Amino acid sequence: MPSEERGLVQGTLDMLILKTLALEPMHGYGIGTRLTQISRGVFNVNAGSLFPALRRLERDGLIKGDWHATENNRRARYYSLTAPGRAALKAQTREWESQAGAINLILKASPGEL
Amino acid sequence: MRRTRRILAGLSALVHRTRADSELDEELRAYLASAVDGKVAAGVDREEALRRARAEFGSAAAAKDWVRDVGWESRLESVWQDARYAVRVLRRSPGFTAVAVATFALGLGTNVAIFALSDGMLFRPLPYRDAQRLVMIQGYSVKQAQAYTRVLRVDFEQLQNQHSGIEGIATATFDTALTWIGSDGAESLRTSVGTPNLLELLGVGAHIGRPLRPGDELLEPQAAMLTFDAWQRRFGADASVVGRTLSFEQRRVQIVGVLPRRFIFPLQGSLADGDLFFVEPLDPREAADPRSGVWTPIARLKPGVSIAQAQTEIDVLVGRAARQFPSTPQDRALRVANLQFALFELSRSLLWLLIAAAGGVMLIACVNLANLLLARGAAREREIGIRTAIGASRARVARQLLIESIVLGLFAGGLALVLAALAFDALTEYVPSRYRLVPSGLDARTAGFTLLLSIGASIFFGVFPAFRLAKSDASAAMRETCRAGASRPLGMKTGALLVAIQVSLCLVLLAGTGLTANSLIRRRTVDLGFTHKDALVLNFGTPVSRYPTPQHMFDFRARVLEDVRRMPGVEAAAIDFTPFGGAAPMMHAVAEGLPEATGVWSVTRGYFATLGVPLTDGRDFAEEEIRADAPVTIVSESVARAMWPGQSPIGRVLRADRLPSLTVIGVARDVRGGYGGRIRPAVYRPLARDRFRTSTIVARGSGDPDALGRALRAIVQRLDPRIVVAPPRTVRASLARGIVDPQFQTWLFALFGFVGLLVSAVGIYGVMAHWVSGRTRELGVRLALGAEPGQLKGFVIRQASIPLLAGVGVGLAGAFLLTKRLQSLLYDVTPYDPLTFVVVVLTLLAVGIAAAYVPARRAARVDPIVALRAE
C-alpha cells in the first residue's frame, strides 16, 4: 500500500473520506480534490490510496456507491454515507478529538509538568 | 457482523469477478477524465492536462491491484494463480515431478493402506448407537489369573435383573449351522444367534426390512435376518428376499430384514461369522444349573455411568451371587471393559506397531521430498533470483515454493489413493480374518486422511526448502549461474544429513523386514514330523436326526472309508479331530511323568501311513483293535522318552486320568500342529466311537489333489445326499491357514522395507546427482590434470558413502533399541539375530552404492573441454 500522503495516519484517511461524504454524495475524483482543498494542499490523496480506502469502506457497509451522471455528463460512481457510516464517523471523530486533545496537552506541556 | 459482511462481499466479488473488474475500470477512467477536466478548467491545455493527470494517477494496473487487495478473496485468487503456476513449473520438469510424486505417493500409500486397515478397529467408533456406552463383561478367575470366554448364567441374570448402572445386557447363544439343500448338493449356512434384545441394545436397525426385536423368538416360522454380505453373495442383493420363508433341513425361517452394511457382531471368533442372524432366549432347561454359562455378554451402561462405577457395582453383585450359590467358583470376577477396546485387544499392539512402521516409511518419504526440493531449488536459483530482482518479496517467493510442494503433495495423495486401492484389492484375501472384523477399505474417511496427510506433510517438509531458497541472495545467485559450474555446495551438507536420516530409518525398517522374513522362513522349514503335506482333509457332519448314536456315525464313516480306499492308489484313515491349523486337542492325558499338554487323539488304522508319520517302534492298530476299542495305544516319541527313558515302551502300560490302562503297541514320530507350532506330545487311541458330530477323514492319492477332493465329496454325497461336506482341503492349505498372521505381518514389513529402500535410493541418487552437477568444473579440472575416470568414480562414491555409513551406524543403534518390540512376532529368531543384521546392512549398502554409481559414472564421463569452456 503506497503512503505518499504526508503524515496521514493509517485509518485517518477513512475518517476524512467519511467526513467529506457527510456533506453530500461525491465521486472518487471529487473526494480527492475536496480533501486537498479543505486541507489547503497539505493532503494530496492519489488514486492508489483513495480507491482501496473506498473499497474498504464500501465492504464494511459504511458507504455505498451508485452510478450517476457527472456535471460534465460522464458516468461516475457517487459515494454516500450509510447509517452505520454516519455512526462510525461520529465515533471516530470523538475518538480523534480526545486523542488529539491529549496529544496537544502533552506537546504543550512545560518542562516542569513533564 | 462486519466479518460476515466482508465474507459475503468477498464471495460475491469472486462470483461476479468480471463485472466487478469492469466497474472498477470504468470508475478509474472516470477519475482520470475528471482530473483532466479539472485541469482544463484551471486553464491548462488539454494535452498537457492529460499528461499531468496521468503522471499523478500513476499506474492504473497497480491501483487496481491495490483495490483488489482490500478483500480476502484476492489472496485466494493469488493462491490459485500460484497453484496454476506451480502446475506449469512442475510440468516443465516431468522427470523431477514424476520421481517426487511417485516416491511421495509410495510413502503416503503405505500409510493410507495401514490407516484403512486400522481405522475401524482403533479410531472409528463401532457401528452402534452411543458405542462408547457399550461394554464387554469378561469372566475372570482370580486364582488362575485367567480370562474366560464364558460367564456364569447366575451372574448374567444378576446383572439382568438388578437395577444398576447397566441399562441392558445381552449375549450370544451358540452358533449353529443350518443345512440348505440346493440344486448342487447340500451346503451349510452359518448362523449367529443372540438374545432377543441384542439389536435393541446395540441400537442397530435394518438395511432393508426390520431389525429383530424381543418377541421375535416366539414367531413361527422363526424370524431371521441376513447379514449384508450373505444377502449380496447368496441372494444377489434381491430386496424381495424380505418376507420369504426359507426351508432348511433343521427348521424353517422367515427373513424379516437385512442387517446394515457396516454391521458386525460384537463377538469374537466364529460367532461373528454368521450368514444368518436370529434370536433365541437363553435355554430355560439350563436355568436350574447354577454352573451353566453364557458367552461373554455385552452391556450398555446408563448415561453418565463410568466403567469404574459399573465395575464396583458388578463386583458387589457377583459377590452376592457367589454366596447365594456356594457350588459356583468362589474366586470368579467379572471385568468390565470398553467394548471396542475389548474386541480388538489382540490386534491393538500389532496395529500400533504397523502404524509406527508406516510412520517410519512416511518420514523417509518426507525427508526425500525435502531433499528433492532442495536439490531442485539449487537448480532454480536463477529463476528465483530474477523473481526477487523484479520485486517479488521473499515471503511471496517462499509462498510460491510452498504451494509448489503442496501441489506435489496433492498429486502424490491422489496417486497414493489409487495405489492403496489396488493394494487393498490385491491383498484382501491375504488379510487375516480378525483384521476384517470391521469392514475396512477406502472410503471418505480414508480419502480425508490422505488429503490431510499429503497436505500436512508437504507443508511441513516444504517449508524448510522454501525458506532456504527464498533467502538465497538474488544477485549472488545470478552471478553464479552465469559462471556455470562454479561449485557452491548448496544443499550438500543438508542433503547428506537428510540422506543419513533416510538411511538410518530405512535400516530400522529393513531390520523389521529381515527379522519377520527370517522367522517366516524358519516357520515354513520347520520339521513337521510327517511327510505327506498333499494329503487331503475331508470334514462332514453327521446330523443327529439320521445318525442318532455313535454306532450309526461309526458305521457311516466306515462305509465312506471303505469306498475311498477302494479307489486305486488311495490311502485313507479317520481321526476324531483335525490336528492341523493350531487347534488344541479336545482331550488331554494327565499322568505322573507325562509331558504337559499331551493330547489324546483317536485314529483308525492307516492314519500314520496316510500322513507319512514314521512309526519308530512297534506297529499300527489292527482293524479288530479299532472295532473292539481295545485298550492299546501308540504314543509319540516325546511321550515315550518322558515315561520310559532309554527303554523300549512296547508292552508297557500307560495309566492316565480318565483313560483306561493302555498297553503301548507302537511309537510314532512327534508331529507339530502347524508351521512354527510346538511339538505335540500325543497319545493315540483306536477310533471306535465318535464323540463329535463332525467326521474327519484324511486321504492321499497319487494324482491331482483337486480331483481326489471332488471324488471324496462325491462318495459322501452318493452315500447320503443330505449331508454337508466342507470343501476338502490339503494339509498344506490347512497349515498355510495357520500362518496367515505371520505371513501377513511379513508381507507388510516387506512392503515397508521395500518402499523405504526404494525411496532412500532415490534420495541418495538425487543428492549425488546434484552434487556431481554442481562440481562439473572441478571434476573437469581433475580430469584435465590427469585423473583417471575410475578415480573420479571412486571419489564420488566415497562422498556418497559418508552419509550412507553414518546412517547405517545410527540405524543400527536405533534398530537394536526397537526390534525388541517385534519379539512377539518372531519365531526361532532373536531380535538381534546377527545374520539378519548382516544381510540387512549389506543390502542397504549395496543399494546405496548402486544409487550413487549412476551419478558417479556421469562424473567420470565429464568432458574436461566442455566443463572448462562453460566458464
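Parameters at a glance
- Residues numbered from 1 in each chain as written.
- Chains lettered and ligands numbered in written order.
- Predicted model: local features only at pLDDT ≥ 70, side-chain atom pairs only at ≥ 80, totals over all residues.
- Helix = DSSP H or I, 4+ residues; strand = E, 2+ residues; numbered from the N terminus.
- Rg over C-alpha atoms; globule rule 2.2 N^0.38 Å.
- Buried ≥ 20, exposed ≤ 12 C-beta atoms within 10 Å, placed from the backbone.
- Contact = placed C-beta atoms within 7 Å.
- Core = buried A, V, L, I, M, F, W, Y, C linked by C-beta atoms within 7 Å.
- Nonpolar A, V, L, I, M, F, W, Y, C, P; charged D, E, K, R; others polar.
- Expected span 1.5 Å × (residues − 1).
- Bend = angle between axes of the 7 residues up to and from the residue.
- Axes fitted to C-alpha atoms, helices over the stretch in contact; angles between N-to-C directions.
- Parallel < 35°, antiparallel > 145°, perpendicular 65-115°, else oblique.
- Left-handed = near helix turned anticlockwise from the far one by under 90°.

Side note on the overall build of chain B
Point 1. Looking only at helices and strands, one finds 28 helices and 28 strands in chain B.
Point 2. Its C-alpha atoms give chain B a radius of gyration of 37 Å, more than 25% over the compact-globule value 29 Å for 871 residues.
Point 3. Judged by the C-alpha coordinates and their principal axes, chain B covers about 130 × 75 × 55 Å.
Point 4. For chain B, with 871 residues in total, the buried portion stands at 42%.
Point 5. When contacts within chain B are restricted to residue pairs at least 6 apart in sequence, those whose partners lie at least 24 apart make up 83%.

Some details on the overall build of chain A
Point 1. Helices and strands together make up the secondary structure of chain A, namely four helices and three strands.
Point 2. Starting at the N terminus and walking to the C terminus, you meet the elements of chain A as α-β-α-α-β-β-α.
Point 3. Counting every position in chain A, which comprises 114 residues, the buried fraction comes to 28%.
Point 4. Considering only residue pairs separated by 6 or more positions, chain A has 53% of its internal contacts joining residues 24 or more positions apart.

Thoughts on the nonpolar core
Residues and elements named next belong to chain B.
Point 1. One finds Ala365 and Leu507 to be the most contacted residues of the largest nonpolar core, which totals 98 residues.
Point 2. If near-sequence neighbours (up to four positions away) are discounted, Leu507 is found in contact with Gly807, Val808, Gly811, Leu812, Ala815, Val840 and Leu844.
Point 3. If you look at the next biggest cluster of nonpolar residues, it comprises 60 residues, including Tyr547, Val613, Tyr675 and Val683.

Remarks on the interface of chain A and chain B
Point 1. Counting residues at the interface gives 21 residues for chain A and 22 residues for chain B.
Point 2. Those elements that provide at least two residues to the side of chain A that touches chain B are helix 2 (28-38), helix 3 (47-59) and strand 3 (75-81) of chain A.
Point 3. A total of seven residues in the side of chain A that touches chain B trace back to one element, the largest contributor, which is helix 3 of chain A.
Point 4. Residue composition of the side of chain A that touches chain B, by class: six nonpolar, eight polar and seven charged.

Side note on the environment of Leu11(B)
Residue and element names in this part refer to chain B.
Point 1. Secondary-structure assignment places Leu11 in helix 1 (residues 2-15).
Point 2. The exposure class assigned to Leu11 is partly exposed, which follows from the 13 C-beta atoms found within 10 Å.
Point 3. Leu11 sits 62 residues away from Glu73 along the chain, and the two C-alpha atoms are 7.2 Å apart.

Comments concerning helix 26 (residues 789-818) of chain B
All names here are of chain B.
Point 1. Over its 30 residues, helix 26 extends 42 Å from the first C-alpha to the last, a length consistent with the 44 Å expected when each residue adds 1.5 Å.
Point 2. At Ser801, helix 26 is deflected by roughly 30°, the largest bend along its length, and proline Pro803 occurs up to four residues later in sequence.
Point 3. Those residues of helix 26 not exposed but buried are Leu792, Val796, Gln799, Ala800, Pro803, Leu804, Gly807, Val808, Gly811 and Ala815.

A few points about unusual backbone geometry
All names here are of chain B.
Point 1. In this model, Glu220 is joined to Pro221 through a cis peptide bond whose omega is -5°.
Point 2. The topology assignment puts Pro221 in the loop between strand 8 (208-209) and strand 9 (222-226).
Point 3. Despite not being glycine, Ala597 shows a phi value in the positive range, around 55°.
Point 4. Residue position: Ala597 is located in the loop between strand 18 (588-589) and strand 19 (598-603).

Notes on the packing of helix 1 (residues 12-23) of chain A against helix 3 of chain A
Residues and elements named next belong to chain A.
Point 1. At their nearest, the axes of helix 1 and helix 3 sit 10 Å apart, and the two run at 75° to each other. Here helix 1 is positioned roughly perpendicular relative to helix 3, judged by the angle of their axes. Note on element contacts: helix 3 touches helix 1 through Ser49, Ala53, Leu54 and Leu57, opposite Leu13, Asp14 and Ile17.
Point 2. Residues that form the contact of helix 1 with helix 3 fall into these classes: five nonpolar, one polar and one charged.

Quick word on the packing of helix 1 of chain A against helix 4 (residues 83-108) of chain A
Residue and element names in this part refer to chain A.
Point 1. One way to put it is that helix 1 packs onto helix 4 with a least axis distance of 10 Å and a crossing angle of 125°. Of the possible angle classes, the one that applies to helix 1 and helix 4 is oblique. In the crossing of helix 1 with helix 4, the sense of the turn from one axis to the other is left-handed. On helix 4, the residues touching Met15, Leu18, Lys19 and Ala22 of helix 1 are Gly85, Ala88, Leu89, Gln92 and Trp96.
Point 2. Here the residues of the contact of helix 1 with helix 4 sort into six nonpolar, two polar and one charged.

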